[in-house]
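In case you want the letters, here they are:
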Amino acid sequence: LYIAISLLMEWLYDTRIKLSRGDYFILLLVFGCVSFVGLIEGVAVGLIAGIALFAFDYGRISIARRVGSSADIRSNVVYSEAKRSVLREHGNESHIVELQGFIFFGTANRLLSQVRSRMLDSGKSPLRCVVLDFKHVFGLDSSAALSFLKLRQYAESSDFVIALSDLLPQIDHSLKVAGTYEGSLPSIRKFEDLDRALEYCEKIILSAHLLQADEEICPIAEQLRRAFPDGRQAAAFEKHLRYVTLSKGDCLIRQGDDSDDLFFIERGRVAVALEKAGATFLRINSMGPGTVVGETAFFLGLPRSASVIAETEIAAYRLTRQCLDAIVADDPALAIAFNGFIVRMLAERLIDANRVRSARYL
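What you are looking at is a predicted structure, and each value in this text was computed from that prediction instead of being measured.

All right, on to the packing of helix 1 (residues 2-13) against helix 2 (residues 21-36) then. Where helix 1 meets helix 2, the axes come as close as 10 Å, and the angle between the chain directions of the two elements is 145°. Across the interface between the two elements, Leu8, Trp11 and Leu12 of helix 1 pack against Tyr24, Leu27, Leu28 and Phe31 of helix 2. Of the residues in the contact of helix 1 with helix 2, the class split is seven nonpolar, no polar and no charged.

Put into C-alpha cells, the structure is as follows:
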C-alpha cells in the first residue's frame, strides 16, 4: 500500500506542475482507463488522445513564414514611377503568403480561413490575386489538398486568381489528384519561383488601374521631359542619343565588359541576369519602358556586374561615354541637369526599396 501510494503521489500529484494541462489530462485519462477498464484499453486510449492533442497543437502553428501584399512584397521587376505609385496605392488588392513546413488539414484550413476573411473584408479593396509560395513546404496530405480545391472555388466565385510557386512534384501531384487543376482553370496559375508569381500578380493589379498596364512603349521624348524640365535641354540631350533595336534573346550588356554606355528603354523588356557556370543565368531584375539600364557601372567606371538580355523585342536609346564627355565639355549646365536626373532616379529606387524592406518587418 505504501509503495502504491508513493507511485501515485509521484506520477499523479507531483507531475501536475511539470506537465501542460493537455498532457496532464491524458495522464489522468490513462490512469482511469487502466484502473476501471484494463491495461491494453488504457494504453490505446492514451495513444489516441496523444495523437489528437499533437494534431491539435500542430494545427495551431502557423504555416506562413511571411504574409503581405504587393505593397510590401515585390518582384524583381523595376517599374516606372507611374507603376510604382499604383502598386503603393493598390498593392493591398493582393494577398501573398510564403508557406512552410508540412501542410495537413488543420493548417490548411487555417490558411483557407485567412484568405476567406481577406476576401470578405469590406474595409479593404477587392481581392484580385492570391500568391502562395511552396518553396519551404516539404509535404502535403490529401485532406489539405481538398482545402486548396475549396480555395479554387472561392477564387472562381469571387473573381480573383491564385498563383502557386515552387511546387515540389509530389505536392503538385497531390493537388492534381484532389481535382484542383480540373477544367480550364483560368483562376489558377503555376510558376517556377516566387519572383515570377509576384510579377504576374503585379500585372493584374496594374492592368486594373492603368489604361495601358504593360506600358508597351514610353517615348524617349516623354522620358527626357521627366529628366529635363527645360524643353530645350531635353531636345539638346536627345541629339546625343543613338537609337538601337534588339531581338528577343539578344544581349544588350554583357557581364564583365567595360561600362562605356547606358540605355534608355523605350519599348520592350529586358532582364538583368547574373551569368553562372554552365552558361546559365539568374534573373535579378526585369526592366521595361521608361527605365534606364547600365547607369551604375557607367558612372562608377567599373566592369559590368551583370548581363542585360532582351526578354522581348527591344527599342532603346544609347548614350556613350564619349557623347557624355562631349556634353560636359560643350554644355556643362546640360551635364549637371543629367547628373541630377540620375541621382534623383537612384534615390527614388533606394527609397522605394527601403520602404518595401521596412514594411516586411512591420
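Next, the rest of the story.
Before going further, it helps to examine the side chain of His95. With respect to the helices and strands, the residue His95 is situated in strand 3 (residues 94-103). Contacts of His95, omitting those with residues within four sequence positions, involve Val67, Gly68, Val115, Arg118, Leu127, Cys129, Val130 and Val131.

Here the distance between the centres and the angle between the planes together describe a pair of aromatic rings. Scanning the model with the defined rule gives ten aromatic pairs in all. Between the aromatic rings of Phe298 and Phe299, the centroid separation amounts to 5.3 Å while the plane-to-plane angle is 85°, which identifies the pairing as edge-to-face. Here the aromatic residues Phe228, Phe237, Phe264, Phe298, Phe299, Phe338 and Phe341 are joined through ring pairs into a cluster of three or more. In this structure, Arg189 is placed above the aromatic ring of Tyr200, and the distance from its NZ or CZ to the ring centre is 4.8 Å. The cationic tip of Arg321 hangs over the ring face of Phe298; the distance from NZ or CZ to the ring centre is 4.5 Å.

Attention shifts here to unusual backbone geometry. Here Asp159, not a glycine, exhibits a phi torsion of approximately 60°, which is positive. Positionally, Asp159 belongs in the loop between helix 6 (142-158) and strand 5 (161-165). Looking at Asp159, the relative accessible area reads 69%, which means it is exposed. A positive phi angle is found at Asp166, which is not glycine, with a value near 55°.

Definitions and limits used
- Residues numbered from 1 in each chain as written.
- Predicted model: local features only at pLDDT ≥ 70, side-chain atom pairs only at ≥ 80, totals over all residues.
- Heavy atoms only, no water.
- Axes fitted to C-alpha atoms, helices over the stretch in contact; angles between N-to-C directions.
- Helix = DSSP H or I, 4+ residues; strand = E, 2+ residues; numbered from the N terminus.
- Contact = heavy atoms within 4.5 Å.
- Nonpolar A, V, L, I, M, F, W, Y, C, P; charged D, E, K, R; others polar.
- Phe/Tyr/Trp six-rings, centres within 6.5 Å; stacked < 30°, edge-to-face > 60°.
- Lys NZ or Arg CZ within 6 Å of the ring centre and 35° of its normal.
- Buried < 20%, exposed > 50% of the residue type's maximum accessible area, 1.4 Å probe, protein only.

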